[in-house]
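Results of the structural survey
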Amino acid sequence: MERQSSFEFDTVLRNARVATASDVFLADIGIRDGKIAALGANLPSAKHEIDVMGRVVTPGGVDAHCHLDEPMEPPLRMADDFLTGSRAAACGGTTTIVPFAVQRRGTSLAEAVKAYHAKSEGRACIDYAFHMIVTDPTEVLLKTELPHLIENGYTSFKIYMTYEDLKLDDFQILDLLAVARQSGAMAMVHAENSDCIEWLTRKLEAVGRTAPRFHSHARPMLVEREATHRAIALAELIDVPILIVHVSGREAVEQIRSARGKGLSIYAETCPQYLFLTADDLGIDDSYHGARCVCSPPPRDRQNQEVIWNAINEGLFSVFSSDHAPFRMDGVDGKRPGGHEQPFRHIPNGIPGIETRMALLYSEGVLAGRITLPRFVQLTATGPAKAYGLHPRKGAIAIGSDADLVIWDERAKTIANADLHHGADYTPYEGMQLKAWPGLTMSRGKVVWDGESFTGESGHGKFLRCGSPTLGPRLSRGAGPGFFDEV
Ligand code: URP
Ligand code: ZN
Ligand code: ZN
């Protein structure tokens, strides 16, 4: 079709320091019809010109682990739906989100996906795809429903090894991993040993230790280590890649490193809370204030933060997600269910972080000299896009990719909940002093954050069908005994 405009591009970003997962180079970025159309020096003029003046431009973030508007038992309610969650994401430099369509036991997965479409359509401000959470792997689900959904662009699902209403046993996990293998899907695993947690919780409750801080006592690293080890063994048995989500510290890292050393395709994700929070944030006394940082696995300690930084640099992690699971501190529907302080067992798990994820890592990772810019891009955009079959449309600055971009402002910025755009009434990072914040976020060529205000609109975000993961080989083919092939 012939273009009406006399300009070759709709927008040109001039003099950008373009950062990709492999390189940093100076270029102009030409954008046409929402896509990157050219990268080069002295591109012809465009309708809109933005002189970036040597500032860093990265791909828009892909937040591949966030929870929005999930079904909850009343009075509980997540603080963000697709509108507020995606708006906050955009203001923090994220241009693609992948939240979860949750199957409730006794209902079909396809129904859960349909219901989630109804919640997102016309509301999201940036593009989005869905993971699924499988809680009831019936024969119909395994044989028909799940393979059909995978074929239709829902190519990843989460398996829980804990939480009463979500957890699966090893037999069920094996069944699901076999489907992942056959259909080329990515299984994400929440690895914590449920029985250990329940046993420890009852022991703590028996002696009155129910304050928020005891949440971390009920979930020591051992429970994460055991479940991570078991998840890896199950994946090895089936010979399929898996991705261990929200890895918190040394013990899980060691399991993953050892598996990778054996040649297994075990991928991993970590999150800001394991770099910037510790168990002390859940309280050093019995105050309820610590409820704001109750999440699972819990944050560990400073030494474990170092372990995560080192593992990031060693390339152990493919994905850095927020695990945004927002609940309000005030009111009846959040961290004080029914309006009352609760024993830690009943405090909703999860913390907000969709808007702060990118800036925390840029400031404390890149600008503090802990990680390189390409590593930042790999973790926040390219890696997650590859893990979930969205690359190179997302997570890349390349010709033909969506013009999802962030221009970085390297300036002092103190995190304050009052400046954030999510529905939660707090941020765990209140008062933290950063050295950068996104100065502009662009979603398919449209400015959705101009450095001061949200400039996007609900309904701009489009649903994305995912392809197969492209992180590495489709089959693990490590030291696996190939049991699956023999039966
Ligand atoms: O505590 C957390 N992370 N809550 C969100 C749900 C999950 O397991 O990721
Ligand atoms: Zn989880
Ligand atoms: Zn989560």
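Below is a summary of the structure that appears in this document. (Residues numbered from 1 in each chain as written. Chains lettered and ligands numbered in written order. Predicted model: local features only at pLDDT ≥ 70, side-chain atom pairs only at ≥ 80, totals over all residues. Heavy atoms only, no water.)

What follows deals with the pairing of strand 14 (residues 266-270). Within strand 14, 5 of the 5 residues are buried, which leaves the element mostly enclosed by the surrounding structure. Along strand 14, one buried face is formed by Ile266, Ala268 and Thr270 and the opposite face, lined by Tyr267 and Glu269, is buried too. When strand 13 (residues 242-244) meets strand 14, the two strands line up parallel, connected through 3 bridges. Bridging from a neighbouring strand, Ile242 pairs with Ile266 of strand 14. Assessed by its sense of winding, the connection that carries the chain from strand 13 through helix 8 (residues 250-261) to strand 14 is right-handed. Summarising the sheet, strand 14 and strand 15 (residues 319-320) pair through 2 bridges and their orientation is parallel. Across the sheet, residue Thr270 finds its bridge partner in strand 15, namely Phe320. (Buried < 20%, exposed > 50% of the residue type's maximum accessible area, 1.4 Å probe, protein only. Helix = DSSP H or I, 4+ residues; strand = E, 2+ residues; numbered from the N terminus. Pairing = 2+ DSSP bridges. Right-handed = clockwise from strand over helix to strand, strands pointing away.)

Within the protein, the zinc ion (ligand 3) binds to His65 (NE2), His67 (NE2) and Asp323 (OD); these donor distances fall in the range 2.0 to 2.1 Å. If you look at the zinc ion (ligand 3), its 4 donor atoms make angles of 89 to 124° with each other, and the shape they trace is tetrahedral. For the zinc ion (ligand 3), the donor residues sit on a single chain with the sequence spacing H-x1-H-x255-D. Between the two metals, the zinc ion (ligand 3) and the zinc ion (ligand 2), the spacing is 3.9 Å. Taken together, the positions of His65 in the loop between strand 6 (61-63) and helix 1 (82-91) and Asp323 in the loop between strand 15 and helix 11 (357-367) put the pair 258 residues apart, joining distant regions of the chain. The exposure class assigned to His65 is buried, which follows from its relative accessible area of 0%. (Donors = N, O, S within 2.8 Å, 3.2 Å for Na, K, Ca; no water. Tetrahedral: all angles 85-135°; square planar, octahedral: opposite > 155°, others 65-115°.)

Our focus in this paragraph is the packing of aromatic side chains. Applying the stated rule across the entire model yields 14 aromatic pairs. An aromatic cluster of three or more residues is present, and its members are Phe82, Tyr116, Tyr128, Phe130, Tyr154 and Phe463. In this structure, Lys158 is placed above the aromatic ring of Phe100, and the distance from its NZ or CZ to the ring centre is 5.5 Å. Of note, Lys413 hangs over the ring of Trp437, and the distance from its end group to the ring centre comes to 4.9 Å. (Phe/Tyr/Trp six-rings, centres within 6.5 Å; stacked < 30°, edge-to-face > 60°. Lys NZ or Arg CZ within 6 Å of the ring centre and 35° of its normal.)

Not every one of the 13 residues close to ligand 1 is listed here, only the nearest: His67, Lys158, His190, Ser296 and Asp323. One nitrogen or oxygen atom from the main chain of Gly350 is found 3.4 Å from an oxygen atom belonging to ligand 1. Here ligand 1, which alone exposes 270 Å², has 94% of that area covered by the protein. Looking at the shell around ligand 1 residue by residue, the classes come out as 4 nonpolar, 7 polar and 2 charged. (Near = heavy atom within 4 Å. Polar contact = N/O pair within 3.5 Å; in protein donor to acceptor, adjacent residues only side chain to side chain. Areas by Shrake-Rupley, 256 points an atom, 1.4 Å probe, with all protein chains shown as cover. Nonpolar A, V, L, I, M, F, W, Y, C, P; charged D, E, K, R; others polar.)

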